[in-house]
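# Remarks on the overall topology
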Amino acid sequence: MMELNYEINEKIKPILQQYNIVNISLYLTSDMDLNKNYVPIHFIISNKKLYIINESTNAVSIYESKDIENIKLDYALTIGKLYFEMEKKQTLITYFSKTKWQDMAVLEKYLLRFLKENDVQIDESDVKRLNKSNEHVCPKCKTPYEEGTKICKKCNSNKNMFKRLLTYGMKYNKHLTWIIVLLLVASILGFLGPVMTGQILYNEVLDKNGRFFDQVLLFIIVGLLLKICGVLNEVIYKRMLAKVASSIGFDMKVDVFQSLQKLSLKYFHDKETGDLMGRVVWDVDYVYRYISDNIPYFIKNIIQMVGLILYLFILQPILTLFILLPIPFVSIIFIKARPKMRRFWNQNRNKENKEISMVSDTLEGFRVVKVFSGSKKEVEKFSKLTTDTANSFIRQRHFNILIFPVTQFLIGLSVIVAWGLGGYMVIHDLHHFNYGKLTTFVAGLNMIYMPLEFIINFLFDHTNRAMNCARRIFEVMDGIPDVVESSNPIVLKDCQGEIEFKHVDFSYEAHHPILQDISFKVQPNQTLGIVGKTGVGKSTIVNLLTRLYDVTSGEIFVDGINIKNIQLKSLHQHVSMISQDTYLFKGTILDNILYARPNATLQEVLEAAKIASAHEFIMKLPNGYDTLIGEGEMNLSGGERQRLSIARAVLLNSKIIIFDEATAAMDTKTERMIQEAIHQLQKDKTIIMIAHRLSTLKDADNLIIIEDKKIVEEGTMDTLIKNKKQFYSLYKVQKEAMKHIGVSEE
């Protein structure tokens, strides 16, 4: 028996103590209050009472089962509502966002049970769901994680993001050590500049009392040597930095891409293509530029600034204090502006991603756009998006315009004060402050304030942007796949091909079931046909068999082993699927077929192509199997692409083969050829076929008919026709349609 693992929010624990709430039967939260503010609303069933606690106001509502007549959930497009029916009136209890739909569906189930039984006993099947739901909440602040991740935006500070980025640099710690040494040398050489051109030149070379009076040539030689050293140092440093930064960028891109491969299909359905492309390419590139350009320049300038400030303080402490006065004010301005700057950056990034997604969608559906004369409409939509993005950037620029002139004025004011006060001290010979020291002071002042704007931008703009990019990158890396391999998976070595579904339920969203109580068995080497109207869940059944998704409840077995206990790689080696949606990679036809089994021989590829009725058309192409296909290369028809997809599956030589409307894009002649090929495969394969054309299923050993989420009929085609129920209705409609166009089905 699994135990519930409730982690109660620290903020409501005093309330639980106040009301003596100890034995908790159910604990779930919604995320919005009655004003649609994002506030956790806690639902607790304990001691035959329902407690509803508003975390923001600490308000507590207490109900007994007799107080509530009925429960109702209303799922709107983005925001749902929970109602209690009391005294024949509906009372709105809370709102909730889309991310809470599944939790609220579970809550509804047990609240209804609470009304009937005055208490709840959690079903075994829901214990894991409730614990898993609890795992998706930050243990520190109880804020829900970003969907599909374990990242809490509330707790994930820039500091933590920066620490994670540093772990990528640790692989190159020797190079980084040398880079820091070279940066230190560059800072020292930069620091010597104002000292050489100021105090040494005026006080030691040009002054008659100086130690190096009239030795101008020596001064030039020393200055030239320092310049040469600076150039050589910079060349070595930049070459080393380029290598390290590029390696870090490469590592991050590979890690992000590998992480994407591990994620489940649902993750990609929930994300826009442009958003994911942005994370893999542009976000990593921005982090790369931050590491290669911004961080080194920041470190170099900080070392220089600290060194110069100390030197100037030794030179003239009073004047130094005067010129440093604007720094706290400038810093306060940027600290206050930081949250708004961060919001602007996030908004702009999201709007740019929407533009990328729209371009991607339009290019993918370009044929539809052309056929329906939608070009003008798409241009208008894109113009609206780009205008929105441009306006967002303009608002950001306007905000920056308010900030930077003020800070530049304060910095400029300190320079004027330095010249005025320093000049006065030179004229009146105060504190032994001479012209050489003043020149050094002003040059040093410029070297302090010139990079100050960059340093402030680095801290409050570049770092914010880079950490936001890093956060988006790590969201992918920390993504939690819905389909997880067991800790000790079983490898299927000799698959017999037996398939069994036992009381399988499935839903993409908890409130919207797709399949309910699906049970059937396919013996080895048998063919099962799945029939039903569009959208009843036929393809979902085969997606569950291949573990693209996991069942909500129930079990699926292959050779008597629960597929959740089978190694995913092993399962996919023994179960192949040919769907109506074909995808071919850019490359040769041979490469595309070999994708299923890269170590296959050419003879095996040819045999697979012949079985799929693809060999004949391939040989007619200019370069046969070496013909390049894909974007910008040879275009193939839908039927030709489908046949290559079938050849790829045949080459894999799986024991179980799924045909999901695989012949939908083929003419009658080609379809019959494929049916003959399938008939040959049936000798030693287990076949699952989904087809709208019932003639395709005439040789199936068994048929199941899906309707209203359930199996409503099962049997051979002849038996189902004789029963004259749902299948017979479909059969009759198709037969009449074929007769109407003058075609008879054999």
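Residues numbered from 1 in each chain as written. Predicted model: local features only at pLDDT ≥ 70, side-chain atom pairs only at ≥ 80, totals over all residues. Heavy atoms only, no water.

On to the overall build of the chain. Scanning the chain from terminus to terminus reveals 23 helices and 19 strands. Looking at the 746 residues of the chain, the share that counts as buried comes to 45%. Sequence separation of 24 or more characterises 67% of the internal contacts of the chain that already satisfy a separation of 6 or more. Carbon and sulfur atoms provide 57% of the accessible area of the chain, an area that totals close to 39,900 Å². (Helix = DSSP H or I, 4+ residues; strand = E, 2+ residues; numbered from the N terminus. Buried < 20%, exposed > 50% of the residue type's maximum accessible area, 1.4 Å probe, protein only. Contact = heavy atoms within 4.5 Å. Areas by Shrake-Rupley, 256 points an atom, 1.4 Å probe, with all protein chains shown as cover.)

Here the focus is the sheet that holds strand β9 (residues 512–522). Strands pair in a sheet through their backbones, by hydrogen bonds, and they do so in one of two ways: parallel or antiparallel. With respect to topology, four strands assemble into an open sheet ordered β9-β8-β11-β12, the strand pairing being antiparallel. On the outer flanks of this sheet lie β9 and β12 (561–562), each paired with one strand and no other. On top of the sheet, helix α15 (residues 538–545) reaches β8 (499–509), β9 and β11 (553–558); it is set at about 110 degrees to β8, its chief contact. (Pairing = 2+ DSSP bridges. Axes fitted to C-alpha atoms, helices over the stretch in contact; angles between N-to-C directions.)

Moving on to the packing of helix α9 (residues 317–324) against helix α12 (residues 375–427). When two helices pack together, their arrangement is captured by the angle between the axes and the distance separating the axes. Contact geometry for α9 and α12: axes closest at 8 Å, N-to-C directions at 155 degrees. As summarised for this structure, α9 and α12 are arranged roughly antiparallel, according to the angle between their axes. Handedness of the α9/α12 crossing: right-handed. Counting all contacts with α9, which are made through Leu319, Phe322 and Ile323, the residues of α12 involved are Ser414, Val417, Ala418, Leu421 and Gly422. Among the residues making up the contact of α9 with α12, the classes are represented as six nonpolar, two polar and no charged. (Parallel < 35°, antiparallel > 145°, perpendicular 65-115°, else oblique. Left-handed = near helix turned anticlockwise from the far one by under 90°. Nonpolar A, V, L, I, M, F, W, Y, C, P; charged D, E, K, R; others polar.)

Quick look at empty space enclosed by the protein now. Per the counting criterion, the structure on display carries one cavity of 30 Å³ or more. In this structure, the largest cavity spans a volume of roughly 30 Å³. Lining the largest cavity are Met341, Phe344, Gln396, Asn400, Asp461 and Arg465. Where the lining of the largest cavity is concerned, the elements lending two or more residues are α10 (326–364), α12 and α14 (452–477). For the lining of the largest cavity, the per-class residue count stands at two nonpolar, two polar and two charged. (1 Å grid on protein atoms, 1.4 Å probe; cavity = no way out; pocket = protein on both sides within 12 Å on 5 of 7 lines; lining within 4 Å. Points joined across faces, edges and corners; volume = space filled by probe spheres on them.)

Looking now at the packing of aromatic side chains. All chains considered together, the criterion is met by seven aromatic pairs. For the ring pair tyrosine 19 and tyrosine 51, a centre distance of 6.3 Å and an interplane angle of 65 degrees mean the geometry is edge-to-face. Remark: tyrosine 51 occurs in strand β3 (residues 49–54) and tyrosine 19 occurs in the loop between α1 (13–18) and β1 (24–30); sequence separation between them is 32 residues. A ring pair is formed by tyrosine 290 and phenylalanine 458, whose centres lie 5.4 Å apart and whose planes are at 5 degrees; its orientation type is stacked. In this pair, tyrosine 290 is assigned in helix α8 (residues 273–315) and phenylalanine 458 in helix α14, connecting sequence segments 168 residues apart. For phenylalanine 458, a relative accessible area of 5% corresponds to the buried category. Here the aromatic residues Tyr290, Phe298 and Phe458 are joined through ring pairs into a cluster of three or more. The lysine or arginine in question, lysine 36, covers the ring of tyrosine 95, its NZ or CZ lying 5.1 Å from the ring centre. Arginine 164 extends its terminal NZ or CZ atom over the ring of phenylalanine 474, reaching a point 3.9 Å from the ring centre. (Phe/Tyr/Trp six-rings, centres within 6.5 Å; stacked < 30°, edge-to-face > 60°. Lys NZ or Arg CZ within 6 Å of the ring centre and 35° of its normal.)

Residues with a pLDDT of 70 or more make up 86% of the chain, whose mean pLDDT is 80. Averaged pLDDT values over the elements of the chain bottom out at 57 in helix α3 (residues 124–135) and peak at 93 in β12. (pLDDT = per-residue confidence, 0-100.)

With that out of the way, let us pick up the sheet that holds strand β4 (residues 60–63). Spatial ordering of the open sheet is given by β1-β2-β3-β4, a layout of four strands whose pairing is antiparallel. Edge positions in the sheet fall to β1 and β4, since each has one partner strand and no second. In this sheet, adjacent strand axes meet at a mean angle of 15 degrees when their direction is disregarded. Judged from the four bridges that link them, β3 and β4 form a sheet pairing that is antiparallel. Looking at β4, one finds that tyrosine 51 is bridged to isoleucine 62. The strands that helix α2 (residues 101–117) touches are β1, β2 (41–46), β3 and β4; relative to β1, the one it contacts most, it runs at about 140 degrees.

A separate point is the side chain of arginine 472. In this fold, arginine 472 is placed in helix α14. Leave out the neighbours within four places in its chain, and arginine 472 touches Asp275, Gly278, Arg279, Asp283, Arg349 and Asn353.

Since there are 3.6 residues in each turn of an α-helix, residues three or four apart along the chain are aligned in direction. The end-to-end C-alpha distance of helix α4 (residues 158–169), which contains twelve residues, comes to 17 Å, matching closely the 16 Å that a straight helix rising 1.5 Å per residue would cover. By the burial criterion, the buried members of α4 are Asn158, Met161, Leu165, Tyr168 and Gly169. Take α4 and look down its axis: the buried residues cluster within an arc of 100 degrees, on one side only. (Expected span 1.5 Å × (residues − 1). Arc of directions from axis to C-beta.)

Attention shifts here to α15. The element α15 is extensively covered by neighbouring structure, given that seven of its eight residues are classed as buried. Within α15 the residues assigned to the buried category are Lys538, Thr540, Ile541, Val542, Asn543, Leu544 and Leu545. Phi for arginine 547, located one or two positions after α15, is positive at around 60 degrees.

Assignment of secondary structure puts glutamate 713 in strand β19 (residues 710–715). Put simply, glutamate 713 is tucked away with no salt bridge, and the nearest opposite charge, on lysine 725, sits 5.5 Å away. Within the structure, glutamate 713 has its side chain in polar contact with the backbone nitrogen of phenylalanine 727 (distance 2.8 Å). The contacts of glutamate 713, once residues within four sequence positions are left out, are Leu703, Ile704, Ile705, Leu720, Asn723, Lys725, Gln726 and Phe727. (Lys, Arg positive; Asp, Glu negative; His and termini not counted. Salt bridge = Lys/Arg side-chain N within 4 Å of Asp/Glu carboxyl O. Polar contact = N/O pair within 3.5 Å; in protein donor to acceptor, adjacent residues only side chain to side chain.)

With that out of the way, let us pick up a nonpolar patch on the surface. Judged by side-chain polarity, Leu217, Ile221, Leu224, Leu225, Ile228 and Leu232 come together as a nonpolar surface patch covering roughly 590 Å² of accessible area. With respect to the secondary-structure elements, isoleucine 228 resides in helix α6 (residues 216–262). Judged by relative accessible area, which is 41%, isoleucine 228 ranks as partly exposed. (Patch = residues over 30% accessible without salt bridge, like charges linked within 9 Å, V, L, I, M, F, W, Y side chains within 5 Å.)

A positive phi is found at lysine 88, a non-glycine position, where the angle reads about 60 degrees. Position of lysine 88 relative to the elements: it lies in the loop between β6 (79–86) and β7 (89–97). According to the relative accessible area criterion, lysine 88 is exposed, its value standing at 78%. Of note, the phi angle at lysine 724 is positive, near 55 degrees, even though the residue is not glycine. Tracing the backbone through its elements, the reader meets lysine 724 in the loop between α22 (717–723) and α23 (726–740).

Below, the discussion takes up the environment of tyrosine 731. Checked against the element boundaries, tyrosine 731 lands in helix α23. Taking the C-alpha atoms as reference points, tyrosine 731 and isoleucine 721, ten residues apart in sequence, are found 7.6 Å from one another. Residues in contact with tyrosine 731, not counting those within four places in the same chain, are Leu694 and Ile721.

This paragraph deals with the packing of α9 against helix α13 (residues 435–449). α13 packs onto α9 with a crossing angle of 30 degrees between their chain directions and a minimal axis gap of 12 Å. The angle between α9 and α13 places the two elements in the roughly parallel class. The chirality of how α9 crosses α13 is right-handed. Taken together, the residues of α13 that come into contact with α9 (itself represented by Leu319, Thr320, Ile323 and Leu324) are Phe441, Leu445 and Tyr449. Split by residue class, the contact of α9 with α13 holds six nonpolar, one polar and no charged.

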